[in-house]
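Observations on the three-dimensional arrangement
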Amino acid sequence: MAWWVWALAVAFVVYLFSFQTGYSIVNPSVQQDVGLTVAQVATIAAVYTWVFAICQFFGGALLDRLGARRVLPVSIALVVIGIFVFANANSYGMLLLSQVIIATGSCTGFVGAGYVGGQWFGMAKFSFMFGLVQVVAALTSAFSVNIIEAVLGATTWRSLFNIYGVIGIGLLVLGFLYIRDPKPVSGGMDQGVGEFFTSVIGNMVQVAKIGHVWMASIVGALLFGALLALGVVWMPKVLMAHGLNPAAAGLGTSMLWLGLAAGSAVVPWWSDKIQKRKLPIILGSAVQLVAFLGLIYMTGLNSTLAIALCFIFGFANAAHMLAFSTAADVVQPSQIGTSAAIVNGIMFIFGGILISRPGVRIGLGLETGIEPKSLELVQYASLPLIIALVAALVLSFVMKETYPKSQ
């Protein structure tokens, strides 16, 4: 039963990630069909980001107070409704509404799968099980683009997402039937709506008062933010500046996610094996920095070495998963959802910042006369990512060791 409930929670993560990937691919078609401006397309994406970021911090606290049984099926239902609204939207307002609904439901997806692993398999296995969630999420990111592009070659974006909605109904039914908690979760709505929400806020405040939770969040956010910036936007541009063709650049980007998938299966397990959080984070931060410097500054970089460095970077980036683990080490077992949500929320915010900064630097570099698409411009634009990785390495030395002695 533990594995079945966990598998359903992870299936929800896959559902979310694949929709988000598909959304990024069909944006041009949506813009054309609905008659949107470029500014409106950007606003739709921004609304999702804002709503998700706000709801993220409350999602974990709701899991802690209500449990997966009461929260995750409702979250799945919201996402399914939002996808149907999106697939059948004929106006800018409907598209905005769809993103608000989807973002509200999505806020408990990744964190919810981690929460389920901790509850069903015990806190001693929380780190390893959360790592497995990231394995699946990273593999989804690596392969879903090609799959969705192939499907879109045979159907329209509306048909694709209506099919997604139908698949979501099946997941929703399974969620309502089988997602449950290993034991009843106290502190639910039986205490009154006002008192319940007061307790949710109080739980968030208690966790937010713990300084190490913020330290873990910042280190994890700097590490994962750099990967997100490279994996979503910038790595193909880095590799093509070295002379790699688009196919090789795309393969290198996929290797970031495949490396993260492999590392997420190994790094949390190794952390538990040696009973340390700090050392794997330090080593992961250092290896990422070295690999990225190689990708940026190494001359004569061929495709084989570039792709290998991408895999190494992704593998070492799995150290960011230990931010969830070390934050969970310093809170009560009843607060792991809240701590995970705070960590994930800050990662999400930093990721958005780090995605945008290289683009700003490219604009500045072009103004100063640096050659477009040159390696020099890539090096100039990559400075924010280098600073983020250096800062993560420095902070990882400063942060304390939290692995529970009793485990």
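First, a word on scope: everything that follows refers to the structure included in this document. (Residues numbered from 1 in each chain as written. Predicted model: local features only at pLDDT ≥ 70, side-chain atom pairs only at ≥ 80, totals over all residues. Heavy atoms only, no water.)

**Notes on the pattern of salt bridges**
Per the counting criterion, the structure on display carries two salt bridges. Asp272 is the partner of Arg277 in a salt bridge, and the nearest nitrogen-oxygen pair spans 3.0 Å. Measuring nitrogen to oxygen at the nearest pair gives 2.8 Å for the salt bridge that ties Arg277 to Asp329. Residue Arg277 is located in the loop between helix H10 (246-274) and helix H11 (278-297), and its partner Asp329 is located in helix H13 (residues 322-329); the two are separated by 52 residues in the primary sequence. (Salt bridge = Lys/Arg side-chain N within 4 Å of Asp/Glu carboxyl O. Helix = DSSP H or I, 4+ residues; strand = E, 2+ residues; numbered from the N terminus.)

**Points about the nonpolar core**
Nonpolar side chains tend toward joint burial in soluble globular proteins. Phe86, Phe161, Phe313 and Phe324 are the most contacted members of the largest nonpolar core, which has 125 residues in total. At 17 residues, helix H9 (residues 211-241) tops the list of elements feeding residues into this core. Apart from the residues lying within four places of it in its own chain, the contact partners of Phe324 are Phe110, Phe126, Phe130, Ala340, Val343, Asn344 and Met347. (Core = buried A, V, L, I, M, F, W, Y, C linked by side-chain atoms within 4.5 Å. Buried < 20%, exposed > 50% of the residue type's maximum accessible area, 1.4 Å probe, protein only. Contact = heavy atoms within 4.5 Å.)

**As for the side chain of Ser75**
Among the structural elements, Ser75 can be located in helix H3 (residues 68-87). You can call Ser75 buried: its relative accessible area is 5%. The contact partners of Ser75, leaving out residues within four places of it in the chain, are Phe12, Gly105 and Thr108.

**Some thoughts on the packing of H3 against helix H4 (residues 92-106)**
Between H3 and H4, the least distance of the axes is 7 Å, while the angle of their chain directions is 160 degrees. As the angle between them shows, H3 and H4 are arranged roughly antiparallel. As H3 packs across H4, the resulting crossing turns out to be left-handed. Taken together, the residues of H4 that come into contact with H3 (itself represented by Ser75, Leu78, Val79, Ile81, Gly82, Ile83, Val85 and Phe86) are Met94, Leu95, Ser98, Gln99, Ile101, Ile102, Thr104, Gly105 and Ser106. The residue inventory of the contact of H3 with H4, partitioned by class, reads 10 nonpolar, seven polar and no charged. (Axes fitted to C-alpha atoms, helices over the stretch in contact; angles between N-to-C directions. Parallel < 35°, antiparallel > 145°, perpendicular 65-115°, else oblique. Left-handed = near helix turned anticlockwise from the far one by under 90°. Nonpolar A, V, L, I, M, F, W, Y, C, P; charged D, E, K, R; others polar.)

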